[in-house]
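Structural overview
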Amino acid sequence: MDTAQTDAYLRRIGAERPASPTSAALRALHLAHLRSVPFENLSIHDGEEVDLTEEDLVAKVVERRRGGFCFELNGAFAALLAALGYDVGLLPARVYQEDRVGIPYDHMALRVRTADGGDWLADIGFGTHSHFPLDFTERGDQVDPGGTFRIAEAPGGDLDVLRDGRPQYLLETRPRALADFAAGAWYHRTSPKSHFTRSLVCTVLTGTGRVTLSGDRLTVTTGDEKHVTELASDAEVLDAYARHFGIVLDRVPRLAEPVRVGGRR
């Protein structure tokens, strides 16, 4: 990313350019991103390709003012952080599903090292998760507005990331290239077993809680209070996308049929 692209990205998330790549600046960028760029899977149901290149990911977030799922959001954020001087590694993870874990390259998270000696797990692509980066080297509880988190040692040198005592994902510690996540992204765009092909979601953190739109169901959470509205028309749904997420669409996203693979769904 060049200087102009970096400045445009910072404007997109309403953040100032940090004087240096410090831990405090990373915390501010992490929170600003969560409050500005939604976690959403609309492209999957609109027939759009998900190209895991830095250029395409940044263009989607900055120029098209869209969000994305983990590969897109953390991939774009990694590009921004690298442009600001951070040392960033892309780490693969497998998401826990009841008593098992998902496929390899199921999720992408970031390991970020800072100029002041910080070593952080940053993740703005897991939907409801920590508001701030987690200390990568800490093995005790880490209290965050999003819950109480813990990074624990797991067999084989991997790490378990837990939220409120429940495992969220199994994290590998060896950094990978962006292109390595293409198979995981393809699976989540096409497989009928992926929750992304079976649901519509658009959600963003706010200063007082969270706003989520799932199909025509709008949920606004403020503190401990939750208000759910069933939107009555396509016009109301399109207005909600624009008003709450800054996403301007010309038609309402609908659940798409998963792609046939080998004659099977």
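Structure: above.
Everything quoted here is computed from the prediction, not taken from an experiment. (Residues numbered from 1 in each chain as written. Predicted model: local features only at pLDDT ≥ 70, side-chain atom pairs only at ≥ 80, totals over all residues. Heavy atoms only, no water.)

Another aspect to go through is the overall build of the protein. Looking only at helices and strands, the protein features seven helices and 14 strands. Taking 2.2 N^0.38 as the reference for a compact globule, 265 residues should give roughly 18 Å; the C-alpha atoms of the protein span a radius of gyration of 18 Å, in line with that estimate. When the 265 residues of the protein are sorted by exposure, 51% land in the buried category. In the protein, the proportion of contacts linking residues at least 24 apart, taken out of those at least 6 apart, comes to 55%. Accessible area of the protein: about 12700 Å², with a carbon and sulfur share of 48%. A gap of 4 Å separates the mean positions of the 31 positive and 39 negative side-chain charges of the protein. (Helix = DSSP H or I, 4+ residues; strand = E, 2+ residues; numbered from the N terminus. Rg over C-alpha atoms; globule rule 2.2 N^0.38 Å. Buried < 20%, exposed > 50% of the residue type's maximum accessible area, 1.4 Å probe, protein only. Contact = heavy atoms within 4.5 Å. Areas by Shrake-Rupley, 256 points an atom, 1.4 Å probe, with all protein chains shown as cover. Lys, Arg positive; Asp, Glu negative; His and termini not counted. Charge placed at Lys NZ, Arg CZ, Asp CG, Glu CD.)

Next up on the list: the pairing of strand β14 (residues 225-230). In terms of burial, β14 is largely open, as just zero of its six residues are buried. Two elements, strand β13 (residues 217-222) and β14, share six bridges in a ladder whose sense is antiparallel. Across the sheet, the residue bridging to Leu218 is Thr229, located in β14. Count of turn residues in the β13/β14 antiparallel hairpin: two residues, of which Gly223 carries a positive phi of about 60°. (Pairing = 2+ DSSP bridges.)

In this section: helix α4 (residues 54-63). Residues spaced three or four apart along an α-helix point in a common direction, a consequence of the helix completing one turn every 3.6 residues. Listed in full, the buried residues belonging to α4 are Leu57, Val58, Ala59, Lys60, Val61 and Val62. Where α4 is buried, its residues meet α1 (3-12), α3 (42-45) and α5 (70-83). Among the residues trailing α4, Arg65 stands out with phi positive, at a value near 55°.

Right, let's get into the packing of α4 against α5. Interhelical geometry of α4 versus α5 gives an angle of 100° and a closest axis separation of 9 Å. Our classification of the angle between α4 and α5 gives roughly perpendicular. Residues Glu54, Leu57, Val58, Lys60 and Val61 of α4 touch α5, and the partners they reach there are Phe71, Glu72, Gly75, Ala76 and Ala79. For the contact of α4 with α5, the class distribution of residues is six nonpolar, one polar and three charged. (Axes fitted to C-alpha atoms, helices over the stretch in contact; angles between N-to-C directions. Parallel < 35°, antiparallel > 145°, perpendicular 65-115°, else oblique. Nonpolar A, V, L, I, M, F, W, Y, C, P; charged D, E, K, R; others polar.)

Moving on: the sheet that holds β13. If you walk across this open sheet you meet the five strands as β1-β11-β12-β13-β14, and the pairing is antiparallel. Sheet topology places β1 (39-40) and β14 at the edges, where each strand pairs with a single neighbour.

So, on to the packing of α1 against α4. Where α1 contacts α4, the two axes come as close as 9 Å, and the packing angle between them is 45°. Regarding the angle of α1 to α4, the classification is oblique. In this structure, α1 meets α4 at a crossing whose hand is left-handed. For the pair α1 and α4, contact is made by Ala8, Tyr9 and Arg12 and by Val58, Val61 and Val62, respectively. When grouped by side-chain class, the residues that make up the contact of α1 with α4 number five nonpolar, no polar and one charged. (Left-handed = near helix turned anticlockwise from the far one by under 90°.)

Per the counting criterion, the structure on display carries seven aromatic pairs. With 6.1 Å between their ring centres and 45° between their planes, Phe39 and Phe196 make a pair best called tilted. Note that Phe39 is positioned in strand β1 and Phe196 in the loop between α6 (182-190) and β11 (202-205), a separation of 157 residues in sequence. You'll find Phe39 and Phe196 in the same group, each marked buried. Taking 5.3 Å as the distance between ring centres and 90° as the angle between the ring planes, the aromatic pair formed by Tyr105 and Phe181 counts as edge-to-face. Of the two residues, Tyr105 sits in the loop between β3 (100-101) and β4 (107-113) while Phe181 sits in the loop between β10 (166-171) and α6, which places them 76 residues apart along the sequence. Given a relative accessible area of 0%, Phe181 falls into the buried group. Every member of this aromatic cluster is reached through a ring pair, and the members are Phe39, Phe69, Phe71, Tyr105, Phe181 and Phe196. One Lys or Arg, Arg27, reaches over the ring of Phe132 and ends 4.0 Å from the middle of that ring. Above the plane of the ring of Phe136 lies Arg111, whose end atom (NZ or CZ) is 3.9 Å from the centre. (Phe/Tyr/Trp six-rings, centres within 6.5 Å; stacked < 30°, edge-to-face > 60°. Lys NZ or Arg CZ within 6 Å of the ring centre and 35° of its normal.)

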